Amino acid sequence: MIKIENVTIHGLEETIRGMRNPMNSWDKSDSGICGGGDAHIGCDNCCEHDCGHSFDGDFHVGKADHELMMKLAAGGPVHAKYRRMITVYVDITAPLYWWKEFDTYKVGTVANSCSTMHKIHSKEFTLEDFSCEHLLNFINHNKDERLTPSIELGCGECKFSPYGILELTVNMLNVCREKYLTALKTEEETGFSAKDIWWQMIQLLPSSYNQKRTVMLNYEVLVGIYRWRKEHKLDEWREFCQWIEQLPYSEIITYSTKGEENA
């Protein structure tokens, strides 16, 4: 499971100005504010295929600037330095096993996450806190029954499905949470400190636990992600790359990758 929200993009105007610095070609720039009239970019200059005459007051890329952006993108990161200047802010909620791979992209990214260390006990754990959409009921071999209790008694043992194991883990996390919340009062009776109980939650927490982070990255970082992750076995990476494809002017991200595939 991955949820992407609150996306904002900054720096297009500054990016295009800097992109034209090497050749002092600022006079050829045709981007501007979409507002109608001679003082604005004008629909004839807009590079968007379905311009729609939005007059939204936002900065839009002109055809000449877009052509230069695509030409530089085809030359790869050395020539497309302007992509590093287009900044993206986004809130991402994803499982810890995905964040572990995302942390590979440290250059050009900043992230502030919800704190597991400080807030793991702040709410009751539920199955909705975990990415478990692929967990099956191996006992009955029936995917439709994975949401029902999956305990089978036999040979004196209790057997659980993968989904059932997660249910047990969530239940135990909640037991530990309750003990943690009351540990200061009961330490003399049980011999366990709040820190002792806190460790139980930290070390039991599955990697499927969903964490929210606010991330800052740029279009050049997204080029590397898109190139290497768009066909990844994790659903989260494929969905993330589909989100990249929906970003404004995403062709400057995906163009060089498609060019390499066709080479």
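Structure: above.
Residues numbered from 1 in each chain as written. Predicted model: local features only at pLDDT ≥ 70, side-chain atom pairs only at ≥ 80, totals over all residues. Heavy atoms only, no water.

Colleague: Explain the pattern of salt bridges here, please?
Modeller: Side chains that differ in sign of charge can pair as their charged atoms come close. Inspection of every chain in the model, using the stated rule, returns eight salt bridges. Where Asp129 meets Lys123, a salt bridge forms, and the shortest distance between an N and an O atom there is 2.9 Å. Asp129 gets classed as buried once you look at its relative accessible area, which sits at 16%. Here Lys123 falls in the partly exposed class, since its relative accessible area comes to 40%. Measuring nitrogen to oxygen at the nearest pair gives 3.3 Å for the salt bridge that ties Glu178 to Arg177. Of the residues examined, Arg177 reaches a relative accessible area of 12% and is grouped as buried. The network of salt bridges with common partners includes Asp103, Lys106 and Arg213. (Salt bridge = Lys/Arg side-chain N within 4 Å of Asp/Glu carboxyl O. Buried < 20%, exposed > 50% of the residue type's maximum accessible area, 1.4 Å probe, protein only.)

Colleague: Quick question: what am I supposed to make of unusual backbone geometry here?
Modeller: Leaving glycine aside, a negative phi is the common case for residues, and trans is the common case for peptide bonds. With a phi close to 55°, Asn6 is a non-glycine residue in the positive phi region. Residue position: Asn6 is located in strand 1 (residues 3–10). Using a relative accessible area of 52% as the deciding quantity, one classes Asn6 as exposed. Look at Asn24: it is not a glycine, yet its phi comes out positive at around 50°. (Helix = DSSP H or I, 4+ residues; strand = E, 2+ residues; numbered from the N terminus.)

Colleague: Would you mind showing me how to read the nonpolar core here?
Modeller: Nonpolar side chains tend to gather and get buried jointly when the protein is soluble and globular. Within the largest apolar cluster, 39 residues are counted, with the highest numbers of intra-cluster contacts made by Tyr82, Ile92, Trp98, Leu222, Ile225, Phe240 and Ile253. Secondary structure elements with two or more residues in this core: helix 1 (12–19), helix 2 (63–74), strand 4 (87–95), helix 3 (96–102), strand 8 (210–218), helix 7 (219–229), helix 8 (235–245) and helix 9 (251–262). No other element matches helix 7, which puts six residues into this core. With residues near it in sequence (within four places) discarded, Leu222 still touches Val88, Leu217, Phe240, Trp243, Ile244, Leu247 and Ile253. The next biggest cluster of nonpolar side chains, apart from the first, holds 15 residues, and it includes Cys132, Cys176, Trp198 and Leu205. (Core = buried A, V, L, I, M, F, W, Y, C linked by side-chain atoms within 4.5 Å. Contact = heavy atoms within 4.5 Å.)

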